[in-house]
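# Results of the structural survey
The lines below spell out each chain.
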Amino acid sequence: MGHEVVIIGGGAAGLSAALVLTRARRRVLVVDGAEPRNKPAAHMHNYLSRDGLSPLDLLKHGRAEVEGYGGEIVNDTVTRVTKTDDGFAVELSERTVHAQRLLFATGLVDEVPDHLRERWGRDVFSCPYCHGYEVRDQKLAVFGEEMKVALVRQWSDDVTHVPSVDGIEVEDDRLVAVISGSDRIPADALVYSAPVKPRDEFLLALGAETEKTPVGPFVRTDGKGRTSVPGVYAAGNVTDPAAIVIVAAAQGAQAAGMINMDLVTAAG
Ligand SMILES: Cc1cc2nc3c(=O)[nH]c(=O)nc-3n(C[C@H](O)[C@H](O)[C@H](O)COP(=O)(O)OP(=O)(O)OC[C@H]3O[C@@H](n4cnc5c(N)ncnc54)[C@H](O)[C@@H]3O)c2cc1C
């Protein structure tokens, strides 16, 4: 028997959807490459009741909850998705599975330059809501638009806007300065707006429509997870670049409700 729902991506959005769907007694498979966006960070903030938990621990608990209701989770990468007469064929590395409905919860990629990658999620980060409190009142450098500088002043009065980041200096495993052109700016942390790229290639191949966002085109949903392609849903950062973890989880849960209703309606 095929899966009623295949969920591609097992981060907060995908696992949250899987929890709702398995509790609704649906046959669910989650395929997860296990590379959540916030993996480089040791702690996750702003998730009510779990503030400060490791991002990987959140997903470990989430996986256990889904599996406890009979959901199947595999560590694998989806390589191709195609429409079939009665649903979708999802190609994994060594097998193909079939699904009546699909949820994409594949997240996005932060295109962090090589010279910042080792500090990413530590003292170089993009989201001040996520990590600003931990560097409050310290020397902060900000690369990005002027509005971001104003935002970051909420956490410290000592904020310097840097027009370019050509290098950083690290001492004793701590950021100490940002190099911008010929300037050396002492800094305890760098708030860096990296370009983002949604992992949406399969959605686009299926024909999903996109919409403009301030950071580029993202797959459009109806606000409840439905894309423009019948039977295909999306939740979390793959469709909403601004979704923090708790929002991504909520979007997954909401999409799951829509998918379940869709299947109920289709069964007549
Ligand atoms: C450094 C950093 C720190 C952050 N800290 C916080 C924080 O403290 N608090 C907060 O609320 N937010 C934080 N965020 C934002 C947070 O990472 C996102 O809100 C969250 O990861 C979105 O969840 P998601 O489920 O949409 O995507 P993700 O968590 O990125 O999960 C997507 C999953 O899909 C999998 N996947 C992708 N393609 C495939 C494929 N083809 N086949 C199989 N699997 C696939 C990936 O491997 C991954 O496991 C941070 C972001 C960054 C960059």
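Here, residues in each chain are numbered from 1, in the same order as that chain's written sequence. Given that this is a predicted model, residues contribute local features only at a pLDDT of at least 70 and side-chain atom pairs are listed and counted only at 80 or more, while totals for whole chains, interfaces and linings are drawn from all residues. Excluded from the side-chain calculations are hydrogens and water; all other atoms, namely the structure's heavy atoms, are used.

What follows deals with the site of the ligand. Surveying the vicinity of the ligand reveals 37 residues, the closest of which are Asp32, Glu35, His45, Ala243 and Val245. Here an oxygen atom of the ligand sits 3.2 Å away from a polar atom, N or O, in the main chain of Ala34. In the environment of the ligand, an oxygen atom lies 2.7 Å from a nitrogen or oxygen atom belonging to the backbone of Ala243. Protein contacts shield 96% of the accessible area of the ligand, which totals 990 Å² for the unbound molecule. Listing elements by their share of the shell around the ligand, those giving two or more residues are α1 (12-23), β2 (28-32), α4 (128-131) and α7 (245-267). Residue classes in the shell around the ligand are distributed as 17 nonpolar, 14 polar and six charged. Where each domain begins and ends is defined by an automated method or by a domain database. Split by domain, the residues of the shell around the ligand number at least three in each of domain 1 (3-110 + 195-267) and domain 2 (114-192). What makes a residue near a molecule or strand is one non-hydrogen atom of that residue sitting within 4 Å of it. Whenever a nitrogen or oxygen atom comes within 3.5 Å of another N or O atom, the pair is scored as a polar contact, on the condition that within protein one atom can donate a hydrogen and the other can accept it, and that pairs from neighbouring residues in sequence are kept only if both atoms are in side chains. Here the accessible surface of atoms and residues is derived via Shrake-Rupley with a 1.4 Å probe, and residues count as covered only by protein chains that are part of the display. Strands are runs of DSSP state E lasting at least two residues, helices are runs of H or I lasting at least four, and both sets are numbered from the N terminus onward. We call Asp, Glu, Lys and Arg charged. Ala, Val, Leu, Ile, Met, Phe, Trp, Tyr, Cys and Pro are nonpolar, and the rest, Gly among them, are polar.

Another aspect to go through is the environment of Pro40. Here Pro40 shows up in the loop between β2 and α2 (55-68). Note on Pro40: relative accessible area 40%, which makes it partly exposed. In this structure, the C-alpha to C-alpha distance between Pro40 and Ala255, residues 215 residues apart in sequence, is 27 Å. Once you skip the residues sitting within four places of it in the chain, Pro40 turns out to touch Trp120, Gly121 and Arg122. For the exposure calls, accessible area comes from a 1.4 Å probe over protein chains only, and a residue counts as buried if that area is under 20% of its type's maximum, exposed if over 50%, partly exposed in between. Every residue pair with non-hydrogen atoms within 4.5 Å of one another is taken to be in contact.

As a further point, take the side chain of Thr106. Among the structural elements, Thr106 can be located in the loop between β6 (96-104) and β7 (108-110). If we ignore the near neighbours within four places in the chain, the residues touching Thr106 are Ile8, Arg199 and Val238.

Turning our attention to the nonpolar core. With 27 residues, the main nonpolar core has Val5, Ile7, Leu21, Val28, Leu103 and Ile259 as its most contacted residues. The set of elements that each furnish at least two residues to this core consists of β1 (3-8), α1, β2, α2 and α7. When residues no more than four places from it in sequence are discounted, the contact partners of Leu21 are Val5, Ile7, Arg26, Val28, Ala256, Ile259 and Asn260. Of all hydrophobic cores here, the second largest spans 23 residues; its members include Val74, Phe88, Ala99 and Ala208. Side-chain atoms within 4.5 Å are what join buried Ala, Val, Leu, Ile, Met, Phe, Trp, Tyr and Cys residues into a set we call a nonpolar core.

This part is about the pairing of strand β9 (residues 140-143). Here a strand pair is declared whenever DSSP counts at least two bridges between the two strands. Sheet analysis places β9 next to strand β10 (residues 159-161), joined by three bridges and oriented parallel. Its bridge partner being in β10, Val142 is matched across the sheet by His161. Looking down the strands as they point away from you, a crossover is right-handed if its path from the first strand over the helix to the second goes clockwise. Remark: the β9/helix α5 (residues 146-152)/β10 crossover connection has right-handed handedness. Alignment of β9 against strand β14 (residues 189-192), held across four bridges, turns out to be parallel.

A few words on the domain arrangement of the protein chain. Once the domains are mapped, the protein chain shows domain 1 (3-110 + 195-267) and domain 2 (114-192). The gap between the C-alpha centroids of domain 1 and domain 2 is 31 Å. Of the residues lining the interface, eight residues belong to domain 1; the matching set on domain 2 comes to nine residues. Surface buried jointly by domain 1 and domain 2 totals about 650 Å² across both partners, of which 54% is contributed by carbon and sulfur atoms. Basic side-chain nitrogens of Lys or Arg form a salt bridge, by our definition, when they fall within 4 Å of a carboxyl oxygen of Asp or Glu. For the pair domain 1 and domain 2, the interface holds zero salt bridges. Residues of the side of domain 1 that touches domain 2, tallied by class, amount to three nonpolar, three polar and two charged. Two parts placed together each lose some accessible area under a 1.4 Å probe, and adding up what both lose gives the buried area.

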